[in-house]
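Summary of structural features
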Amino acid sequence: LKEIQAALFDRAAKRTQDAQTRVDTWEEFNAATDAGGFVEAHWDGTSETEDLIKQETKATIRCIPLEDDKEAGTCIRTGAPSERRVVFARAY
């Protein structure tokens, strides 16, 4: 039973990892959301930017990873400073 559980977990973790795309530009973000799956991108932390991204791409924030190290960058939409990447996806 432990082997089966471990195999199921490993398979699910691989599927999740394979469905994630890390992007750094607005063009890459649009291409990745069109392709489907999860998109890791910098966000400036404002609800206005989140709403703008949702209106333009139908993608919303699904997760703000807590265990990841902070990674300074710039928001993919506004260019404002960003402390970390968040995970976006579209609902189907």
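Our subject is the structure that appears above.
Below: a short report on this structure. (Residues numbered from 1 in each chain as written. Predicted model: local features only at pLDDT ≥ 70, side-chain atom pairs only at ≥ 80, totals over all residues. Heavy atoms only, no water.)

**Description of the state of the cysteines**
Linking two cysteines covalently through their sulfur atoms gives a disulfide. Inspection of every chain in the model, using the stated rule, returns 0 disulfides. Of the cysteine sulfurs around Cys 63, a residue in no disulfide, the closest is that of Cys 75, at 17 Å. Assessed through its relative accessible area of 4%, Cys 75 is described here as buried. (Disulfide = S-S within 2.5 Å. Buried < 20%, exposed > 50% of the residue type's maximum accessible area, 1.4 Å probe, protein only.)

**Here's the deal with the packing of aromatic side chains**
According to the stated counting rule, one finds 2 aromatic pairs in the structure shown. Judged by centre distance (5.4 Å) and plane angle (10°), the rings of Trp 26 and Phe 29 are stacked. Here the residue Trp 26 and the residue Phe 29 both occupy positions in helix α2 (residues 26–35), the gap between them amounting to 3 residues, near one helical turn. Neither Trp 26 nor Phe 29 differs from the other in exposure class; each is buried. A network of ring pairs unites the aromatic residues Trp 26, Phe 29 and Phe 88 as a single cluster. Its guanidinium or amino end placed over the ring of Trp 26, Arg 77 lies 4.7 Å from that ring's centre, counting from NZ or CZ. (Phe/Tyr/Trp six-rings, centres within 6.5 Å; stacked < 30°, edge-to-face > 60°. Helix = DSSP H or I, 4+ residues; strand = E, 2+ residues; numbered from the N terminus. Lys NZ or Arg CZ within 6 Å of the ring centre and 35° of its normal.)

**Details of the sheet that holds strand β6 (residues 85–90)**
Overall, mixed pairing links the 4 strands, which are arranged β1-β2-β6-β3 in an open sheet. The open sheet is flanked by β1 (20–22) and β3 (59–63), the only strands paired with a single partner. This sheet shows a mean twist of 40° between the axes of neighbouring strands, independent of strand direction. Judged from the 4 bridges that link them, strand β2 (residues 38–42) and β6 form a sheet pairing that is antiparallel. Each bridged residue has a counterpart across the sheet, and for His 42 the counterpart in β6 is Arg 85. Sitting on the sheet, helix α3 (residues 47–57) touches β3 and β6, and the angle it makes with β3 is about 125°. (Pairing = 2+ DSSP bridges. Axes fitted to C-alpha atoms, helices over the stretch in contact; angles between N-to-C directions. Contact = heavy atoms within 4.5 Å.)

**Description of the nonpolar core**
Counting 13 residues, the largest nonpolar core has Val 23, Phe 29, Val 39, Ala 41, Ile 53, Ile 76 and Phe 88 as its most contacted members. At the level of elements, α2, β2, β3 and β6 are the ones that each hand at least two residues to this core. Here this core takes 3 residues from α2, the largest share from any one element. (Core = buried A, V, L, I, M, F, W, Y, C linked by side-chain atoms within 4.5 Å.)

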